[in-house]
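Working through the structure, step by step
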Amino acid sequence: MSANAERPPSTTSRQRPSPLLITVAIVGAIVGGFVLFSGFYADILWFDQLGFVQILQTRWLSIGALFLAGFLGMAVPLAIAIQVAFRSRPMYAQLSSQLDRYQELVEPLRKVGMWAVPVALGVFAGIASAAQWELAQLWLHRRPFGEADPQFGIDIGFYVFELPFYQQIVGFALAVLFICAVATLATAYLYGAIRLTGAEFRISRSARIQLAVIVALYMLTIGVSIWLSQYAALSQASQGFLNAGAGYTEVNAIIPGLQILAGIAGLVALFFILTAVIGRWRISIVGTALLVAASLVVGVAYPAIVQRFQVDPSPLSLEAEYIERNIDATRAAWGVDGMVEEQTDAVTDAEPGALREDADTAANIRIIDPALVTDAFANLQEYRPYYGFPEQLDVGRYEIDGQIQDTVIAVRELDQSGLDEDSWYNRHIVYTHGYGVVAANGNQRGPEGQPVFLQSGIPTMGELGDYEPRIYFGETSPEYSIVGGPEGGPQLELDYPRSTEEGTGNANTTFSGDGGPKLDNFVKRLVYALQFQSEQIVLSDAINDESQILYDRDPRERVQSVAPYLTLDTDPYPAVVDDRVVWIIDGMTTSSTVPYSQHQAVSRTIADSTNPTPLTTTNDWVNYMRNSVKAVVDAYDGSVSLYAWDPEDPILQAWMDVYPGTIQPMEEMSGDLMSQVRYPTDLFKLQRAILGDYHVTNPATFFSGDDQWSTPTEPTWDSQSQAPYQPPYYLTMSIDGKDPAFTLYSTFIPRDGRNVLYGYLSVNADAGSTEGEVSEDYGQLTLQMLPKDRSIPGPGQVQNTFDTDDQVSRELNLLRQGASEVINGNLLTLPVGGGLLYVQPVYLRSTGATSYPVLRKILVSFGNDIAFEDTLDEALDALFGGDSGAQAGDSGTDPGAEGEEPGSGEGEGSEQPPADLQAQLVAALQEAQAAIAARQEAYAANDLVAAAEADNRLTAALTRAIQVSDQIDAAAGDGAEAEPAPTETPAP
């Protein structure tokens, strides 16, 4: 064969990757990188538009710094330990055949593994460390509380800011040293520095020194951990009586034992250093055995002996000092130490004129239940199926004609589940916002039992004046909407529906605020198309350079995003402030490490009948809380404002240092806003739970547990065994003879199950006036303790009396005729007339598909007496011997008048009314009849807007008729009462 013959191609030559595979890999990497980038970029755009980009920057920088510290703290010591163990291995060690096989397997990967293992573990350690960035920031910006703990005399700030951080550092160090010790042992054994041959144990000098030093550091760190544990004992449960704080056994046995054990651990660390120097392990092993034995004797056996044979036989005399510490610390940490406590000699006899001194409170008693009138609001004020109201309405107050008026208020939000045409364009371009607030007088009722609105309609009108009615940010807003456009461009957003009388079609608008990131380039549109999984954001011609995308629109979620350190109240409430609709949210700062303070599970404690399954808070198990921030979210543009409500709170001060400039001083709040701020419901619920035990300040009584209280269960529930707690209620009333103020209250019954009243807890919830003056009494808790030698009915007992009374039962059975449903409203308790007055509205609901509960009757109780009348004013008069001495807010309501026959005035000689007044009365009634006919036609045509306008005309006509009728009565003289002609008003 010729030498120049052509050789066949080599089968071992490396094949080049396919260009297609390379292209796919590059494109995949670009797409993956852009998806990752889009998430970060969207966050930057959102926070920057909101004006809180430094929140994001601080968070990311803190996470990055802690990740780096954790990574280096684990990777560097571990890499050094492995390298030292490998480089100091015996060069000519005689290995077993098994170790030889291990080395053959490990050696090809040794170089990579010696760096890859530290890097991998470093990444995990970095992630774990980054999760603790808030602890690190609080430690860096720690503030003193100005109060010392009763055991060590150290400022409480040490326990809140420093101790948790130091414990995390020590825990991390123990993990690093343990892993370094394991890696050193494995490397030394694999390369012959440690040999086990039968009963013989050999270790090289270098391996001995390295292991001894690591174990010495580990023992020293254990000593530090044990030393810190004595401080942690002040916020943990004791072995004795206390659920929080060090008791007699802890102070006299456990804490001294921890100090001894910490000293022994330090001594054992010195023994291991000595081992590293002289090469003898015996002294280290003996020291370690001594530490284990001491842990059993000093840490376990001795405290158990002290508890069993010293404390248990004489618990009160030995624990009294520590119980007092627990009481004082708990009351201070939960903000109830300044509570006013007073004994109240509550009367139970309903005497005539008893409410004369409480006339202002009687006039403000709320008879509209915010939990029952949602359907009434919906039927009368929704107008279109794409509007909706929340299940639980809110209670507020406004100054109307110089008088403070309690109101039931709700925002008419957008509800896209009612849309007929479900398309991307409609959901995100056209139907973008709700419209207006609806508010009803809390102490009044309409002639048919419906709410009396002081703000209503579309367009909105009423006593709250002119304001921006569009609701782009609310609790049920769509996931995202795209709004805005160039000036003079087409208006694509549906603003509100118009009736045929106002013109054809609906009113449209274009969002003109600054509510979300602008979609002014292709990259932003692509980023949000990826985020919301919709290509329409890129393709739609309705989007232009002036368009904004609104998302994360729930007020509570927006505040939580810009203030992650706050525990937020679960009930944001709307208010009309400075001609805008805003959401107000209370923010609390919390801690779980305050010495001797009792812990509470937040989500479990705040659950009640109006909030049976509350959201779990970030810090759920806490023993310190302050309402430190008032947050405000504008319902139109979503802007968030944070106000420092308790600037003296050290935790808030620390966070203000972490995020400088994000929280405004309280003085920046307007008068309008100040007048709408109220005391937070969740904080009050937690305080009442604490006071169930801690209203007692005497250690002996506290220890005996014979004066423990509980919040009553909801009395209107059918199954009391499964009933949640009765919620606290907002009412305008007078407490302890002071001027009436917006107040939040709750009651107490004994924990043994008897439903008799033991306590009445209230707090002044009225923050200030429209002039911007902060009320001196705001936040003042008052506990009225009722006599225990007298059986004062509790809510459950009163409800049972209502349900079983013969006369009430007969009347309720009459109301139930025709398959109507009787619904008991909220049972209110008011300290008036020298005793406790119970008031409960009774609603009636028909079986029709569009029916809603209407207020028909009022139940009242005082002592053992009850009354059941059409109006609260009549019920109070009937209860208090024919004259209560005061007038309720519904004193002008006469639900029975509409069914009377004309000319049924009393007496044979009733005079005829003057002709001109009679003509006015006839005209008003004719107008009412015309309004009724118009309303029926509107309902038939499904034109709810026109129906609402007819309702307004009907109300105005009836009001005029009543006014003329009053004039007729006055003209007729004492011997006659002229009645207006009957009008038939169909049920809604």
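No experiment lies behind these values; they were computed from the predicted model shown. (Residues numbered from 1 in each chain as written. Predicted model: local features only at pLDDT ≥ 70, side-chain atom pairs only at ≥ 80, totals over all residues. Heavy atoms only, no water.)

**Digging into the nonpolar core**
One broad trend across soluble globular proteins is that nonpolar side chains are buried collectively. With 149 residues, the main nonpolar core has Ile482, Tyr528, Ile537, Ile549 and Leu642 as its most contacted residues. Residues within four places of Tyr528 in sequence aside, it is in contact with Ala42, Leu45, Trp46, Pro517, Leu519, Gln533, Ile537, Ile549 and Tyr551. Listed in part, the 64 residues of the second largest apolar core include Tyr729, Ile749, Val798 and Leu879. (Core = buried A, V, L, I, M, F, W, Y, C linked by side-chain atoms within 4.5 Å. Buried < 20%, exposed > 50% of the residue type's maximum accessible area, 1.4 Å probe, protein only. Contact = heavy atoms within 4.5 Å.)

**Concerning the side chain of Gln600**
Relative to the helices and strands, Gln600 is located in strand β20 (residues 600-601). Its relative accessible area of 14% is what places Gln600 among the buried residues. One polar contact links Gln600 to Thr605, side chain to side chain, over a distance of 3.1 Å. When residues no more than four places from it in sequence are discounted, the contact partners of Gln600 are Trp334, Thr605, Asp620, Trp621, Val622, Leu686, Ala689 and Ile690. (Helix = DSSP H or I, 4+ residues; strand = E, 2+ residues; numbered from the N terminus. Polar contact = N/O pair within 3.5 Å; in protein donor to acceptor, adjacent residues only side chain to side chain.)

**With respect to the pattern of salt bridges**
Here the structure, examined in full by the defined rule, presents 23 salt bridges. Between Arg470 and Glu468 there is a salt bridge whose closest N-O contact spans 2.9 Å. Given a relative accessible area of 18%, Arg470 falls into the buried group. Lys685 serves as the salt-bridge partner of Asp608, at 2.6 Å between the closest nitrogen and oxygen. Here Lys685 lies in helix α20 (residues 681-694) and Asp608 lies in the loop between α17 (602-605) and β21 (621-622), a separation of 77 residues in the sequence. (Salt bridge = Lys/Arg side-chain N within 4 Å of Asp/Glu carboxyl O.)

**Describing the pairing of strand β13 (residues 480-483)**
Burial along β13 is two-sided: the face carrying Tyr480 and Ile482 and the face carrying Ser481 and Val483 are both buried. Two elements, β13 and strand β16 (residues 548-551), share four bridges in a ladder whose sense is antiparallel. Bridged to Ile482 within β16 is Ile549. (Pairing = 2+ DSSP bridges.)

**Observations concerning the pairing of strand β31 (residues 828-832)**
Where burial is concerned, most of β31 is hidden: five out of the five residues are buried. The alternating pattern of β31 places Leu828, Leu830 and Val832 and Thr829 and Pro831 on opposite faces, both of which are buried. Pairing of β31 with strand β32 (residues 835-845) involves five bridges; the strand directions are antiparallel. Within the sheet, the bridge partner assigned to Leu830 lies in β32 and is Leu837. Here β31 folds back onto β32, and the loop between the two strands holds two residues, one of which, Gly833, carries a positive phi near 65°.

**A short note on the confidence of the model for the chain**
Of the residues in the chain, 87% have a pLDDT of 70 or more, and the chain-wide mean is 87. Note that pLDDT drops below 50 for residues 896-915; the model gives that stretch 23 contacts with residues more than four away or on any other chain. Confidence over residues 974-988 falls short of pLDDT 50; this stretch has 39 contacts with residues more than four positions distant or in other chains. (pLDDT = per-residue confidence, 0-100.)

**Some points on the packing of aromatic side chains**
As enumerated under the stated definition, the model contains 40 aromatic pairs in all. Ring centres 4.6 Å apart and planes at 20° place the aromatic pair Trp139 and Phe165 in the stacked group. A residue pair is termed long-range when its members are at least 10 positions apart, and Trp139 in helix α5 (residues 133-140) and Phe165 in helix α6 (residues 156-190) qualify at 26 residues. With a relative accessible area of 22%, Trp139 lands in the partly exposed category. Measuring from ring centre to ring centre gives 6.5 Å for Trp139 and Tyr166, while their planes differ by 70°; the resulting arrangement is edge-to-face. (Phe/Tyr/Trp six-rings, centres within 6.5 Å; stacked < 30°, edge-to-face > 60°.)

**Quick word on the packing of helix α8 (residues 248-278) against helix α10 (residues 315-333)**
Axis separation between α8 and α10 bottoms out at 7 Å; the angle between their running directions is 105°. What the angle tells us is that α8 and α10 run roughly perpendicular. In contact with Tyr248, Val251 and Asn252 of α8, α10 contributes Leu318, Glu319, Tyr322 and Arg325. (Axes fitted to C-alpha atoms, helices over the stretch in contact; angles between N-to-C directions. Parallel < 35°, antiparallel > 145°, perpendicular 65-115°, else oblique.)

**A look at the sheet that holds strand β9 (residues 437-441)**
Spatially, five strands are ordered β5-β6-β9-β10-β11 in an open sheet, and the strand pairing comes out antiparallel. The outermost strands of the open sheet, each flanked by one partner alone, are β5 (394-400) and β11 (461-462). Taken together, the two bridges between strand β10 (residues 453-456) and β11 define a ladder with antiparallel strand orientation. Bridging from a neighbouring strand, Ser456 pairs with Met461 of β11. Taken strand by strand, helix α12 (residues 374-381) contacts β6 (403-411), β9 and β10, and its axis lies near 55° from that of β10.

**Topic: the packing of helix α1 (residues 19-50) against helix α16 (residues 555-562)**
At a closest axis distance of 12 Å, the pairing of α1 and α16 adopts a crossing angle of 95°. By the angle between their directions, the pair α1 and α16 is classed as roughly perpendicular. Note on element contacts: α16 touches α1 through Arg558, Ser561 and Val562, opposite Trp46, Phe47 and Leu50. Among the residues forming the contact of α1 with α16, the class breakdown is four nonpolar, one polar and one charged. (Nonpolar A, V, L, I, M, F, W, Y, C, P; charged D, E, K, R; others polar.)

**Quick look at the side chain of Asp682**
Residue position: Asp682 is located in helix α20. For the buried Asp682, no salt bridge exists, and the shortest N-O distance to an oppositely charged side chain is 4.2 Å, to Lys685. The contacts of Asp682, once residues within four sequence positions are left out, are Leu568, Asp569, Thr570 and Ile606. (Lys, Arg positive; Asp, Glu negative; His and termini not counted.)

**Side note on a negative patch on the surface**
A cluster of like negative charges, contributed by Asp43, Glu479, Asp552 and Glu557, occupies part of the molecular surface. Structurally, Glu479 is set in the loop between β12 (470-471) and β13. (Patch = residues over 30% accessible without salt bridge, like charges linked within 9 Å, V, L, I, M, F, W, Y side chains within 5 Å. Areas by Shrake-Rupley, 256 points an atom, 1.4 Å probe, with all protein chains shown as cover. Charge placed at Lys NZ, Arg CZ, Asp CG, Glu CD.)

**Some words on unusual backbone geometry**
A cis geometry characterises the amide bond from Ile458 onward to Pro459, with omega recorded as -5°. Inspection of the secondary structure puts Pro459 in the loop between β10 and β11. In this structure, Gln533 is a non-glycine residue whose phi angle is positive, near 55°. Inspection of the secondary structure assignment puts Gln533 in the loop between α14 (522-531) and α15 (536-539). For Tyr596, which is not glycine, the phi dihedral falls at a positive 70°. Locating Tyr596 in the fold gives a position in the loop between β19 (580-591) and β20.

**Here's the deal with a nonpolar patch on the surface**
The grouping of Val213, Leu217, Leu220, Ile273, Leu274, Val277, Ile278 and Ile283 at the surface amounts to a nonpolar patch, some 640 Å² of accessible area in total. Where the nonpolar patch is concerned, the elements lending two or more residues are α7 (205-232) and α8. Here Leu274 shows up in helix α8. Owing to a relative accessible area of 35%, Leu274 belongs among the partly exposed residues under this scheme.

**Thoughts on the environment of Ser38**
Considering the arrangement of structural elements, one finds Ser38 in helix α1. The spacing of Ser38 and Leu530 is 492 residues in sequence and 7.6 Å in space, taken between C-alpha atoms. Excluding its chain neighbours within four sequence positions, the residues that come into contact with Ser38 are Val527 and Leu530. Reaching out from Ser38, the side chain makes a polar contact with the backbone oxygen of Val35 at a distance of 2.6 Å.

**Notes on helix α24 (residues 872-879)**
Those residues of α24 that sit buried are Leu872, Asp873, Ala875, Leu876 and Leu879. Projected down its long axis, α24 carries its buried residues within an arc of 165°, all on one side. Two residues or fewer past α24, Gly881 is found with a positive phi of approximately 65°. (Arc of directions from axis to C-beta.)

**Digging into the environment of Ala212**
Mapping Ala212 onto the fold places it in helix α7. On the accessibility criterion, Ala212 (0% relative accessible area) is buried. Counting along the chain gives 64 residues from Ala212 to Ala276, while the straight-line C-alpha distance between them is 5.4 Å.

**Points about the environment of Val798**
With respect to the helices, strands and loops of the structure, Val798 is situated in helix α22 (residues 795-804). For the pair formed by Val798 and Leu827, sequence separation is 29 residues and the distance between their alpha carbons is 9.0 Å. Discounting residues that sit within four places of it in the chain, Val798 has contacts with Pro793, Leu827, Tyr838 and Ser861.

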